[in-house]
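A structural walkthrough
Listed below are the residues making up each chain.
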Amino acid sequence: MFRLLTTLLFLGAAQFLIAQSADLFVPRNIERAYVKGTRSADGKPGPNYWQNRASYDIQVSLEPKKRLVSGQATITYTNNSPDSLPVIRFKMQHDAYRKGSMRDGDVDPADIGEGTVIQRLTYNGRTIGKDKQRRRNTFLDLQLGKGEALASGASATITVQWSYTMPSDKNATRECVCDPTTFFIAYWYPQIAVYDDYNGWASTPYSGTVEFYHDFSDYDVTISLPKGYMAWATGEWQNPGDLLEKTYLDRFNQAHTSNEVVKVFTEAELKAGGVFKKAKQHRFHYKATDVPDFTFAVSDHYNWDATSVEVDAATGRRTFVSAAYDTKSPDYPKVARIAADGIHLMSTWLPGYPFPYPCMTVFNGNDGMEYPMMVNDASVGDRDPTSLTVHEVAHTYFPFMMGINEQEYAWMDEGWASFFDGLLADSLTGRQTGGGRGYSFAAGTDTDVPLMVRSSLLRGRAYGIASYSRPQNAYLTLLDQLGYETFHRCMVAYMDRWKGKHPIPYDFFNTWNEVSGQDLNWFWKPWFFEWGHPDLGVQSVARPEGGDRDVIVIEKIGDMPVPIHLEVTYDDGSSETIHFKASVWQSGETMSTIECQKGKTVKSVNMGDRNIPDTDRRNNTWSKA
Ligand SMILES: [Zn+2]
């Protein structure tokens, strides 16, 4: 590290400013961000770092019988970039259902239609006609022209009125008409796309695979519903006292300080009609600040369990945790407890950073899909919901608290969620449910592509391996390599530096190199930039002539560096565990020689561990003939 940092100080030419990643390939378009000083070689945001910001004031209503979502929004958008913007791009993710949009998978033809219908759109008080609204895939480009371009440093007020019909297909992903009176509503409003320092306007449409990349925004949302419906949403509920009868308001408040799960209401109570006050308007008001998205979910017959958990011992700050679910879901009565216990472990162990949000609701929908403070999780029936619950809740850190560009680098998000869910679920259940073995089957096949290939270019199996199992295994290897203390220190620094911002892969590599005090490029390169697979083999066990101990030779057959983990049994019945970190292969060695205990004769060797991927385990054992 020091060598490279010192070099950096004396390098004037801008293109060499990424000195710390010198042995890692940097695409030319990414290099520009370092030239402009928006990112820096030590992994911190650069002196010229910027990002744009919006605030959304939204009134939305849902007509359940028609599955119709109608909204109007006033959006204030601030251009902090150095560029003037003649185009303002909106993400219209529901346009994945618009006739003519491209889709990665089949959808029910009955759900294909107009997509989002814009009734009215104004920019700084002036109506923008259809001729200036360019619709393409899931984008709406508001074409302002040069004269009206949004200047650097300026803000604009945009109002929009829209509606769309929710897909009827129960298997529609991300959002759902879960039953005729239960809805999970996502991808539902015109949202300003990200304009960033290395791509300009994000241009990957939503076609069913890639997920988040949103700027941090403030939301003030009022949800109008038919009487009898409850709305759970991103953010803090502002008007529970206007809507809940005292008994239920008391339970809601009690759950905010209770470590135990409180039943705010049951299906029977909600159906009986006594939960809500007889108000004229049935409107739910939610607010959230500094979040990259907003979703809500409604039902007129779900149960609501709630509790809370301390997430920051220094301040005593708590997170309010809810599970909203159908009585027919046998796993869901456990979910509020699992989510709260998971959040406690996330705050104190992995990633070991105080949970950033004031609330979290796990909603019994039809998917396994995360949103800020909301999760759409299908019931897993009689199976254990721990892994699914902690996976989706752990996404709070990546991609939400850390504004990951998951559309292009899904491994910066799904890889971490998979890594967390494996280890957290193991800890919560006392079983070994997670682990990295899944990758062993896929590694080194032609759908196991280098992680630095943009996620938006991948589909199906290749997307799955690159987003989930390969990075999960990379992070498991990294944890073993650094040990928890250093790993945690790097994680906290990475989070402190990039919380509420948009880190890219080099910000991750450079931060971990700097904070660990180690040049980890020998690790990043094979795991993130190259084709390859992990495979170690026990090559031989022998006693050299005249020697007093047996020697085990381990061969690195595959290209990826992984730890050596051996269970060695001796003739006298004793045994020992031998462990070497992946760095035994750091300098390109292909053989590693391990000396056993003096005077003892090796009877058998068994290599491997559930968290160490290995494509060929047939060569992992040795027994004395
Ligand atoms: Zn995930």
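From a predicted model like this one, the values you see are computed outputs, not experimental measurements.

**Some points on the packing of aromatic side chains**
For the structure on display, the rule yields 67 aromatic pairs. A ring pair is formed by W416 and F420, whose centres lie 5.8 Å apart and whose planes are at 20°; its orientation type is stacked. Highlighted residues: W416 and F420, both in helix α9 (residues 414-429), separated by 4 residues, approximately one helical turn. Judged by its relative accessible area of 1%, W416 falls in the buried class. Here F420 falls in the buried class, since its relative accessible area comes to 0%.

**Notes on the domain arrangement of the protein**
Domain assignment breaks the protein into domain 1 (52-210), domain 2 (225-403), domain 3 (437-529) and domain 4 (536-623). Here the C-alpha centre of domain 4 lies 26 Å away from the C-alpha centre of domain 3. Tallying the contact residues gives 13 residues for domain 3 and 17 residues for domain 4. Carbon and sulfur atoms supply 59% of the area buried between domain 3 and domain 4, which totals about 1400 Å² over both sides. Linking domain 3 with domain 4 are 0 salt bridges, by the criterion used here. Applying the counting criterion to the domain 3 and domain 4 interface returns 6 residue pairs in polar contact (both at pLDDT 80 or more). Contributions of two or more residues to the side of domain 3 that touches domain 4 are made by α10 (437-442), α11 (460-498) and α13 (521-529). Counting residues per element, the side of domain 3 that touches domain 4 draws most heavily on α11, which supplies 6 residues. Among the residues making up the side of domain 3 that touches domain 4, the classes are represented as 6 nonpolar, 4 polar and 3 charged.

**Let's talk about the sheet that holds strand β28 (residues 575-580)**
Reading across from one edge, β28-β27-β30-β31 is the order of the 4 strands in this open sheet, with antiparallel pairing throughout. Where the open sheet ends on each side, the last strands, each with one partner, are β28 and β31 (621-623). On average, each strand axis in the sheet is inclined to that of its neighbour by 15°, with strand direction left out of account. In the sheet, strand β27 (residues 564-570) pairs with β28 via 6 bridges, with the strands oriented antiparallel. Note that in β28 the partner of I564 across the bridge is F580.

Conventions used here
Residues numbered from 1 in each chain as written. Predicted model: local features only at pLDDT ≥ 70, side-chain atom pairs only at ≥ 80, totals over all residues. Heavy atoms only, no water. Phe/Tyr/Trp six-rings, centres within 6.5 Å; stacked < 30°, edge-to-face > 60°. Helix = DSSP H or I, 4+ residues; strand = E, 2+ residues; numbered from the N terminus. Buried < 20%, exposed > 50% of the residue type's maximum accessible area, 1.4 Å probe, protein only. Domains from an automatic or database assignment. Contact = heavy atoms within 4.5 Å. Buried area = accessible area lost by both parts, 1.4 Å probe. Salt bridge = Lys/Arg side-chain N within 4 Å of Asp/Glu carboxyl O. Polar contact = N/O pair within 3.5 Å; in protein donor to acceptor, adjacent residues only side chain to side chain. Nonpolar A, V, L, I, M, F, W, Y, C, P; charged D, E, K, R; others polar. Pairing = 2+ DSSP bridges. Axes fitted to C-alpha atoms, helices over the stretch in contact; angles between N-to-C directions.

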